[in-house]
Each structure stands twice: as C-alpha cells, then as structure tokens.
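# Tertiary structure, described
Take a look at the letters that make up each chain.
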Amino acid sequence: MGPFLLNAVRWLARGQTGKVGVNTNLKDLCPLLLEHGLQCSLEPHLNSDLCVYCCKAYSDKEAKQLQEFVAEGGGLLIGEPWPLPLGWLPW
C-alpha cells in the first residue's frame, strides 16, 4: 500500500513544490510521506498553502472549499485509514 499512496500523492502534486496536508484522521500517512522526502503536516482542515490535501471524508460544508481547491490546481486524496500501522510494511 505504501508505494501506491506515495505514487498517488506525487501524481496529485503534479510537480508542484509545496506541502502536503494530511487530515488528523489519517495521521499515520504523514510519517510515510516525510520518510520519502515529501513535505507534510497534519492539518485539521484544508488551507490554501497546500499543494495536496489528504482526508478521510468531508462534510457538505467543506465541499465548496474542496471544490475550489481542486479547481485552482490542488490535489485531493480521499480515503479510509487502513487497520494496521504503516510500520509493518516492508518499504
């Protein structure tokens, strides 16, 4: 799963230099990204200084902000956290 997530985030960034925001619901993702040289920070909400935002889900009130973020070139990764910690992965 690790290589898939890294490839997905890199693809979503489309060569932009910037920080990847990871919602606090997916906190186990941030160490993987940092370990592979991607700037990453835990973010409780989307903010405009990110090139990619990773979240578990979103509410109706966040939909417009997420739509604008993507329309302006930001990458959005929505997914569920996996049940096992990333430390067990061999990569």
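Since the structure is predicted, the reported quantities are computational estimates derived from the model, not experimental observations.

## So, the sheet that holds strand β1 (residues 19-23)
- Spatially, 4 strands are ordered β2-β1-β3-β4 in an open sheet, and the strand pairing comes out parallel. Edge strands, defined here as strands with exactly one partner in the open sheet, are β2 (40-43) and β4 (75-78). Averaged over all adjacent pairs, the angle separating strand axes in this sheet is 20°, with direction ignored.
- Bridge analysis of strand β3 (residues 50-55) against β4 gives 4 bridges, and the strand direction is parallel. If you follow Cys 54 over to β4, its bridge partner there is Leu 77.
- This element, helix α1 (residues 2-13), spans β1, β3 and β4 of the sheet and lies at about 150° to β4.
- Lying on the sheet, helix α3 (residues 60-71) is in contact with β3 and β4; it crosses β3 at an angle near 140°.

## Digging into the side chain of Ser 41
- Position of Ser 41 among the secondary structure elements: in strand β2.
- Since its relative accessible area comes to 16%, Ser 41 is described here as buried.
- Only 2.6 Å separates the side chain of Ser 41 from the side chain of Glu 43, close enough to count as a polar contact.
- In contact with Ser 41, other than residues within four places in its own chain, are Lys 19, Val 20, Gly 21, Val 22 and Cys 30.

## Digging into the pattern of salt bridges
- The tally for this structure, following the rule as stated, stands at 3 salt bridges.
- The salt bridge involving Lys 19 is made with Glu 43; its shortest N-O contact spans 3.8 Å. Of this pair, Lys 19 sits in strand β1 while Glu 43 sits in strand β2, and the two are 24 residues apart along the sequence.
- What makes Lys 19 partly exposed here is its relative accessible area of 25%.
- Judged by relative accessible area, Glu 43 falls into the buried class, the value being 11%.
- For Lys 64, the salt bridge is made with Glu 68, and the minimal N-O distance between the two is 3.3 Å. Placement of both Lys 64 and Glu 68 in helix α3 is noted, with a separation of 4 residues, approximately one turn of the helix.
- In this structure Glu 68 comes out as partly exposed when scored by relative accessible area, which is 39%.

## Some points on the pairing of β1
- For β1, the tally of buried residues reaches 4 of 5 residues, placing the bulk of the element in the interior.
- In this structure, β1 lies alongside β3, joined through 4 bridges in parallel fashion. Note that in β3 the partner of Lys 19 across the bridge is Leu 50.
- After leaving β1, the chain enters helix α2 (residues 29-35) and then returns to the sheet as β2, a path that is right-handed.

Definitions and limits used
- Residues numbered from 1 in each chain as written.
- Predicted model: local features only at pLDDT ≥ 70, side-chain atom pairs only at ≥ 80, totals over all residues.
- Heavy atoms only, no water.
- Pairing = 2+ DSSP bridges.
- Helix = DSSP H or I, 4+ residues; strand = E, 2+ residues; numbered from the N terminus.
- Axes fitted to C-alpha atoms, helices over the stretch in contact; angles between N-to-C directions.
- Contact = heavy atoms within 4.5 Å.
- Buried < 20%, exposed > 50% of the residue type's maximum accessible area, 1.4 Å probe, protein only.
- Polar contact = N/O pair within 3.5 Å; in protein donor to acceptor, adjacent residues only side chain to side chain.
- Salt bridge = Lys/Arg side-chain N within 4 Å of Asp/Glu carboxyl O.
- Right-handed = clockwise from strand over helix to strand, strands pointing away.

The values reported here are purely geometric and, on their own, carry no functional implication.
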